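Geometric and topological summary
Chain by chain, the residues run as shown.
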Amino acid sequence: MSLFGENLQFYRKRKNMTQEQLADQLEVSRQTVSKWEAGASYPEMEKILQLCDLFSCSMDTLMRENVSEQEVEDTQSYDIHMEKRRKRITAGVILIILAVASYELLIGIGVMEAVVNTIFWATAIVAILVFVVAGIQHDQYRKNHPVIPEFYSKKEKEHFEEKFPIHIAVGIGVILIGFLIGMNGDSLPTAKGMTEDFYYGIFMVFVAIGVGVLTYAGLEKEKYDIAAYNKENRKDKESDKGIGVWCGCIMLVATIIYMITGFCFNLWYINWVAYAVAGLICGIVTLILNNKKNKSE
């Protein structure tokens, strides 16, 4: 049996298909499929491409690699990579918001502005670098692993689908609780030397936690959507349209708006609302993108 024949038989059995069922899909005879698997003959290019689409694999993998061994390596590396990526992007999103939270908290307790600015920009720079590293590593991983077989069980996916709405609700709920604190900051008690900016900082901490939950849940949803990962790589897209990246961009825009309205127009007492709106948008974007992916499959 040829390597191609072994791979074809492996993919067919993994999909619980008989030779006759595969033959019907390819519009060939069962004997033809049997000959392919035995290495007695090879399909024409059109049929090879159909097989690649059917089994979600590359032509090079189907024809030249030992897929039974490669699959174990790919599935393990995919899960590890996506978990690391999820943690890094979530950490970046949280850091960029905590940069603003630290600014408000420290201003609220009377720390020197030079010190506050240093801490703010140091935290923001670290967050940006985390995004850069995560983006480059994911792009490189996609180039090295363009196709990943479906290996998550139905039970694993169903278990996540049950938790996902709860995570979204918790994330949005935390943001709204923080919003109530920030909205009433000027009427809450303050210690000597403390200003209401301290409560705006508390609000931003809640936003960081809430958006972190939304991002973390959204990226877990993306991890389980292997079909979308393979489809995206087949189209050879140049940019990552992941949920976490969109949320990161939204929060960066919110930060820009926050800084401009604060330093240029002195609207520190109200411009924190930009983060509340950004957090809610992240939740909406998460739901829309996942719904769009499901419909496109």
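Above this text is the structure in question.
A brief report on the enclosed structure follows. Small disclaimer: the values here were computed from a predicted structure and weren't measured.

1. Concerning the overall build of the protein
The helix and strand tally for the protein stands at 12 helices and zero strands. For the protein, the succession of helices and strands along the chain, N to C, is α-α-α-α-α-α-α-α-α-α-α-α. For the protein, buried positions account for 43% of its 297 residues. With the model as given, the accessible surface of the protein reaches about 15,400 Å², and the carbon-plus-sulfur share is 61%.

2. A word on the packing of helix α2 (residues 19–26) against helix α4 (residues 45–55)
Their axes nearest at 11 Å, the elements α2 and α4 cross at an angle of 115°. Every pair of crossing elements has a handedness; the one defined by α2 and α4 is right-handed. Only K47, Q50, L51, L54 and F55 of α4 make contact with α2, whose side of the interface consists of L22, Q25 and L26. Residues of the contact of α2 with α4, tallied by class, amount to five nonpolar, two polar and one charged.

3. Digging into the environment of T32
Of note, T32 is situated in helix α3 (residues 30–38). Look at T32 and you get partly exposed, because its relative accessible area is 24%. Sequence separation of T32 and Y42 is 10 residues, and the distance between their C-alpha atoms is 9.0 Å.

4. A word on unusual backbone geometry
Phi angles above zero are rare outside glycine, and N16 is one such case at about 55°. With respect to the helices and strands, N16 occurs in the loop between α1 (3–14) and α2. Assessed through its relative accessible area of 67%, N16 is described here as exposed. Even without being a glycine, E27 presents a positive backbone phi close to 60°. Among the structural elements, E27 can be located in the loop between α2 and α3.

5. Remarks on the nonpolar core
Of all hydrophobic cores here, the largest spans 45 residues; its most connected members are Y78, I97, M204, V207, V211, M251 and Y275. Of all the secondary-structure elements, those providing two or more residues to this core are α6 (67–108), α7 (113–144), α8 (154–183), α9 (197–224), α10 (226–234), α11 (243–265) and α12 (273–296). Not counting the four nearest positions on each side in its chain, Y78 is found in contact with Y141, I148, F151, Y152, E222, K223, I226 and Y229. Within the second largest apolar cluster, 17 residues are counted, among which are L51, F55, C57 and V147.

6. Describing the packing of aromatic side chains
Counted according to the given criterion, the structure contains 13 aromatic pairs. Residues F120 and W121 carry aromatic rings whose centres are separated by 4.9 Å and whose planes lie at 80° to one another, so their mutual orientation is edge-to-face. Judged by relative accessible area, F120 falls into the buried class, the value being 2%. The exposure class assigned to W121 is partly exposed, which follows from its relative accessible area of 48%.

7. Re the side chain of R86
Summarising the element assignment, R86 is placed in helix α6. Look at R86 and you get buried, because its relative accessible area is 6%. Ignoring anything within four residues of it in the chain, the contact list for R86 reads Y216, L219 and E220.

8. So, a nonpolar patch on the surface
A cluster of nonpolar side chains, contributed by M45, L49 and M59, occupies part of the molecular surface with about 260 Å² of accessible area. Mapped onto the secondary structure, M45 falls in helix α4. Residue classification places M45 among the partly exposed positions, given a relative accessible area of 46%.

9. Side note on α2
For an α-helix the count is 3.6 residues per turn, leaving residues at separations of three or four pointing the same way. Of the positions making up α2, those classed as buried are Q19, L22, A23 and L26. Seen end-on, α2 carries its buried residues on one side only, within an arc spanning 100°. Phi turns positive one or two residues past the end of α2, at E27, with a value near 60°.

Rules behind the numbers
Residues numbered from 1 in each chain as written. Predicted model: local features only at pLDDT ≥ 70, side-chain atom pairs only at ≥ 80, totals over all residues. Heavy atoms only, no water. Helix = DSSP H or I, 4+ residues; strand = E, 2+ residues; numbered from the N terminus. Buried < 20%, exposed > 50% of the residue type's maximum accessible area, 1.4 Å probe, protein only. Areas by Shrake-Rupley, 256 points an atom, 1.4 Å probe, with all protein chains shown as cover. Axes fitted to C-alpha atoms, helices over the stretch in contact; angles between N-to-C directions. Left-handed = near helix turned anticlockwise from the far one by under 90°. Contact = heavy atoms within 4.5 Å. Nonpolar A, V, L, I, M, F, W, Y, C, P; charged D, E, K, R; others polar. Core = buried A, V, L, I, M, F, W, Y, C linked by side-chain atoms within 4.5 Å. Phe/Tyr/Trp six-rings, centres within 6.5 Å; stacked < 30°, edge-to-face > 60°. Patch = residues over 30% accessible without salt bridge, like charges linked within 9 Å, V, L, I, M, F, W, Y side chains within 5 Å. Salt bridge = Lys/Arg side-chain N within 4 Å of Asp/Glu carboxyl O. Arc of directions from axis to C-beta.

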